[in-house]
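Overview (structure and organization)
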Amino acid sequence: MTRPTDISAVPYSGPPLHGVPDDLVVHGVLDIDNCDERLWVPQTKDVWFRPLLFSVSQGYFVNLLRVRKSGILSRHRHTGPVHATVLRGRWHYLEHDWWAEEGGYAFEPPGDIHTLEVPEGVEEMVTLFHVTGAYIYVDPKGNAQAIEDVFSKIELAKEHFEKVGLGADYVNRFIR
Ligand SMILES: [Fe+2]
């Protein structure tokens, strides 16, 4: 059997495959300082997230997390894998000896329980997180206190977009 080798500049002209969702493209992801401020959804005081993708069909989300304070942010457990790429600033987990540095990448395995700290002197931290499953916020013994997942993120974003005049439906452009 021979492999098809036609790579000429001719687009595919057949029917679309069944059930494939629309592509999703977000511009200016790395342009942290110049993006529309309304895209940053307040999460807690001095913490915002900018959604890039809410995958309701696979239970994950991709977002930029922006933190403008130092100190402990949260202690949490992950139910799924997390991929983090640091765009600005630095942070670490009290439980580990590595630091997430600007321009670096970190993988957080499911089941890891850790306490996120942004150190003194970091005025702004921005990290691109790809988070599958849920954050379970826990006390120092690991007892669950609250959860966060793609669905709770969507609710926060909807409320925010409505409030800032983009309309609650604006959230739909990030949902697949
Ligand atoms: Fe984490």
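Residues numbered from 1 in each chain as written. Predicted model: local features only at pLDDT ≥ 70, side-chain atom pairs only at ≥ 80, totals over all residues. Heavy atoms only, no water.

You'll find the protein chain entered in an unreviewed UniProt entry as RmlC-like cupin domain-containing protein, with Kockovaella imperatae given as the organism.

Next up on the list: the coordination of the iron ion. Protein ligation of the iron ion involves H76 (NE2), H78 (NE2), Y93 (OH), E108 (OE) and H114 (NE2), the donor distances falling in the range 2.1 to 2.7 Å. Summarised as a motif, the one-chain spacing of the donors to the iron ion is H-x1-H-x14-Y-x14-E-x5-H. Of this pair, H76 sits in strand β4 (residues 71–78) while E108 sits in strand β8 (residues 105–108), and the two are 32 residues apart along the sequence. By relative accessible area, H76 is classed as buried at 1%. On the accessibility criterion, E108 (1% relative accessible area) is buried. (Donors = N, O, S within 2.8 Å, 3.2 Å for Na, K, Ca; no water. Helix = DSSP H or I, 4+ residues; strand = E, 2+ residues; numbered from the N terminus. Buried < 20%, exposed > 50% of the residue type's maximum accessible area, 1.4 Å probe, protein only.)

Relative to the helices and strands, E159 is located in helix α1 (residues 150–163). Exposure remark for E159: the relative accessible area of 56% places this residue in the exposed category.

Positive phi, normally seen in glycine, also occurs at D46, with a value near 65 degrees. D46 sits in the partly exposed class, given a relative accessible area of 25%.

Sheet architecture is open: six strands sit in the order β7-β6-β9-β4-β11-β12, paired in antiparallel fashion. This sheet does not close on itself; its edge strands, each paired only once, are β7 (99–101) and β12 (144–148). The mean inter-strand angle of the sheet, taken between neighbouring strand axes irrespective of direction, is 30 degrees. Alignment of strand β11 (residues 135–138) against β12, held across four bridges, turns out to be antiparallel. For Y135, the partnering residue across the bridge sits in β12 and is E148. (Pairing = 2+ DSSP bridges. Axes fitted to C-alpha atoms, helices over the stretch in contact; angles between N-to-C directions.)

Here we come to the pattern of salt bridges. For the structure shown, the criterion picks out nine salt bridges. Measuring nitrogen to oxygen at the nearest pair gives 2.6 Å for the salt bridge that ties E124 to R68. Here the residue E124 occupies a position in the loop between β9 (113–118) and β10 (125–132), and R68 occupies one in the loop between β3 (60–67) and β4, the gap between them amounting to 56 residues. Of the charged contacts in the structure, one is a salt bridge between E148 and K153, with a shortest N-O distance of 3.5 Å. Note on E148: relative accessible area 7%, which makes it buried. Residues joined by salt bridges that share partners form a network here, namely D33, R68, R88 and E124. (Salt bridge = Lys/Arg side-chain N within 4 Å of Asp/Glu carboxyl O.)

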